[in-house]
Amino acid sequence: MKKIYTRVIILLTFIGSSCSDETLEKLPKDQLTVSTTFTTNSNFETYAWSMYANSFPGYWDLTPINREMGSDLLVNNAGTQGDELLWQRKTVPSSSSLWSNSYINIRRANLMLDNIDNSELTDGEKQHWKGVGLFFRAHEYVQLIANYGEVPWVDKSLTEVDEDILYGPKTSRNELSQFVLNDLLEAENIINPEGSGPNTINTDVVRALISRFGLYEGTWRKYHGLGDETRYLQASVDASAQLIADHPNLHSSYDEVFNSETLNGVEGILLYKAYEFGVQNGRWSHYNRSSIGHRDLTKKAVDQYLCLDGETIHTSDLFDGEQDAYDEFRNRDHRLYFNTPPPFRVYTGGQNQLTWEYDSDPKSREYIDLMATLSDDTHKTLPTINWRGLVVRTSPHFRKFNEGHGYNVTYTGYAFYKFSNKISRLQNRDSHDAPIFRMGEVFLNHAEAMYELGQFTQAVADATINKLRTRGAVAPLNLASIPDDPTRDADVAPALWEIRRERGIEFLGEGLGRVFDIKRWKKLVEYGAEEKLGRWVVNSDYGNNLPVQGGAAEGYVSPFGMPPGVPEHYYLEPIPSDQIVLNPQLEQNPGWE
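The following refers to the structure shown. (Residues numbered from 1 in each chain as written. Predicted model: local features only at pLDDT ≥ 70, side-chain atom pairs only at ≥ 80, totals over all residues. Heavy atoms only, no water.)

Within a sheet, adjacent strands bond to each other through the backbone by hydrogen bonds, running parallel or antiparallel. Pairing in this open sheet of three strands is antiparallel, and the strands run β5-β4-β6 from one edge to the other. The sheet terminates laterally at β5 (357-358) and β6 (394-395), the two strands that pair on one side only. The pairing of strand β4 (residues 344-347) with β5 spans two bridges and is antiparallel. Among the inter-strand pairings, Tyr-347 is bridged to a residue of β5, identified as Glu-357. (Pairing = 2+ DSSP bridges. Helix = DSSP H or I, 4+ residues; strand = E, 2+ residues; numbered from the N terminus.)

Below, the structure is given as structure tokens:
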């Protein structure tokens, strides 16, 4: 088959299948799996597919987008209550896949690592598969550190005789972070530069994870006062610089990075998860076009997008105002149009149907015409549709005033539709590939790490941020004349503010983690206390049904009201109670006791 992850993966007997009594009498279960699995190069390759499948959930799993909930840029529109993070409803779970799945995947990696030396592999093959195993183990620990801070370090497949490790205490963050960095640096040096074939773990992918982890850990250490941040920031810079030298350009279409039937050979894509009808179905386009939409951008998110002249909406002569939806979207960064539908209205005779005509008001087609120049019929032309292809008659389209068609509705007026396309109109059957590591992230990791090391220059901006802006048709960042954004956090210098702005809009909804970003910057408590607002509306235009900030007749939609604020201990997740019951030496994170 043409894509990875669409192969049939036979789960090995130690992962979950069983053997007959006769087989068990002939050969013990553990000996059977080790002796038949970890032998030849092709055996190792087959085994590795299970790690790809389980470590990279992609568009089918909801975990990536859920990582964005509770941030300042995205809200959940599937219910009337705000996110549990911002409304102080988080509790200690009895169990959690954040913990258990990571350790299952760590065991998979350790099993492979433990059995390389006794295999039939050549020396070069042994080095490569060791690099792959180290990568996957590190990948899981990167997420564990981001979620829990300190967790037990396990560097071998455990048995009942390893009680000191099975039931041991947490490993200190200093040790844990160094172990992860060591694994990744070793993997970088020994893995086959080309991987084991197209779209597999290779030197570029390892460097991309170093770039990500080094920035995360370095900035967490800086802003949380742990120290030793330079080691990690420099590792991020070194890895990113090499990647940028090797992959200096991006694919020209931002939308096609997330809505293409194949990402094979697409410039700037380092690793992707492939989908194919009937074999590995995705669902994110369907999900973005479903009855309730599920996710909305906040007004703060939309305001992050610059005007085409590189100025903010507060400083640009191109900005026509926000009290009219058409004015608000005019002359903006094109990435805005690919993340939330621009305003429009079409005529369908008041019926839910597949066809439409232009509305009688010429104003209603402004962005229909614009999107026809920026997209095509399989992507994000307007009007938008639901998963069945039924036409959405207008945008913005509020839940509390939906004009008789209750699909693709929002609370804030800014529907999230980054992964929406018109390639397929089948329920839960999308075939567009999901990027896992891409150069857009590497560019911004590099820019931020260089800034934190005091090395951010115009040349660095041109090689990173300005390539992203070019793709959005936005004028480049000029460090000699940075716009004076009146909404800038006073604690954040202007150049760093622009770098952080780019992260917020470039990665929106991808699961790279706006929540993780504001946690590592130590801004969760501050930004989490902000009211999550939507569009400016005149409430009488919507039957006086919309919740407007302060109960006013016109103003910003405020679906949830003011959040109560975020407690300090929410920077780390609570350790599941079942793990503490199993291991009394495992101490709960502070504040969750």
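At a minimum axis distance of 12 Å, the contact between helix α8 (residues 173-190) and helix α10 (residues 229-246) shows a crossing angle of 20°. On the basis of the axis angle, α8 is roughly parallel to α10. Both α8 and α10 take part in a crossing whose hand is left-handed. Listed contacts from α10 to Asn-174, Ser-177, Gln-178 and Leu-181 of α8 are Arg-231, Tyr-232 and Ala-235. Here the residues of the contact of α8 with α10 sort into three nonpolar, three polar and one charged. (Axes fitted to C-alpha atoms, helices over the stretch in contact; angles between N-to-C directions. Parallel < 35°, antiparallel > 145°, perpendicular 65-115°, else oblique. Left-handed = near helix turned anticlockwise from the far one by under 90°. Contact = heavy atoms within 4.5 Å. Nonpolar A, V, L, I, M, F, W, Y, C, P; charged D, E, K, R; others polar.)

For the rest of this paragraph, the subject is the pattern of salt bridges. Inspection of every chain in the model, using the stated rule, returns 44 salt bridges. Measuring nitrogen to oxygen at the nearest pair gives 3.1 Å for the salt bridge that ties Arg-335 to Glu-502. With a gap of 167 residues between them, Arg-335 in helix α15 (residues 334-339) and Glu-502 in helix α20 (residues 494-506) connect regions that are remote in the sequence. When sorted by exposure, Arg-335 lands in the same class as Glu-502, which is buried. The closest approach of N and O atoms between Arg-501 and Glu-498, which form a salt bridge, is 3.0 Å. Pair noted here: Arg-501 and Glu-498 are both in helix α20, with a separation of three residues, about one helical turn. (Salt bridge = Lys/Arg side-chain N within 4 Å of Asp/Glu carboxyl O. Buried < 20%, exposed > 50% of the residue type's maximum accessible area, 1.4 Å probe, protein only.)

Applying the stated criterion to the full structure yields 34 aromatic pairs. Between the aromatic rings of Phe-135 and Phe-136, the centroid separation amounts to 5.3 Å while the plane-to-plane angle is 80°, which identifies the pairing as edge-to-face. Take Phe-135: its relative accessible area is 0%, and that puts it in the buried class. On the numbers, 5.0 Å between centres and 35° between planes, the contact of Trp-153 with Phe-179 is tilted. Of the two residues, Trp-153 is situated in the loop between α6 (123-148) and α7 (163-166) and Phe-179 in helix α8; the sequence distance between them amounts to 26 residues. When its relative accessible area of 30% is taken as the criterion, Phe-179 is described as partly exposed. Put simply, the rings of Trp-49, Tyr-52, Phe-56, Phe-135, Phe-136 and Phe-437 pair up and form one aromatic cluster. One cation-aromatic arrangement involves Arg-365 over Tyr-358; the distance from NZ or CZ to the ring centre is 3.9 Å. (Phe/Tyr/Trp six-rings, centres within 6.5 Å; stacked < 30°, edge-to-face > 60°. Lys NZ or Arg CZ within 6 Å of the ring centre and 35° of its normal.)

Further remarks concern the layout of surface pockets. For the second largest pocket, the calculated volume is near 560 Å³. Taken together, 22 residues line the second largest pocket, and the ones lying closest to its centre are Trp-99, Tyr-103, Leu-158, Leu-166 and Gln-579. Taken together, the elements giving at least two residues each to the lining of the second largest pocket come down to α5 (97-114), α7 and α23 (577-582). Considering every element that reaches the lining of the second largest pocket, the biggest residue donor is α5, with eight residues. Residues that form the lining of the second largest pocket fall into these classes: 15 nonpolar, four polar and three charged. (1 Å grid on protein atoms, 1.4 Å probe; cavity = no way out; pocket = protein on both sides within 12 Å on 5 of 7 lines; lining within 4 Å. Points joined across faces, edges and corners; volume = space filled by probe spheres on them.)

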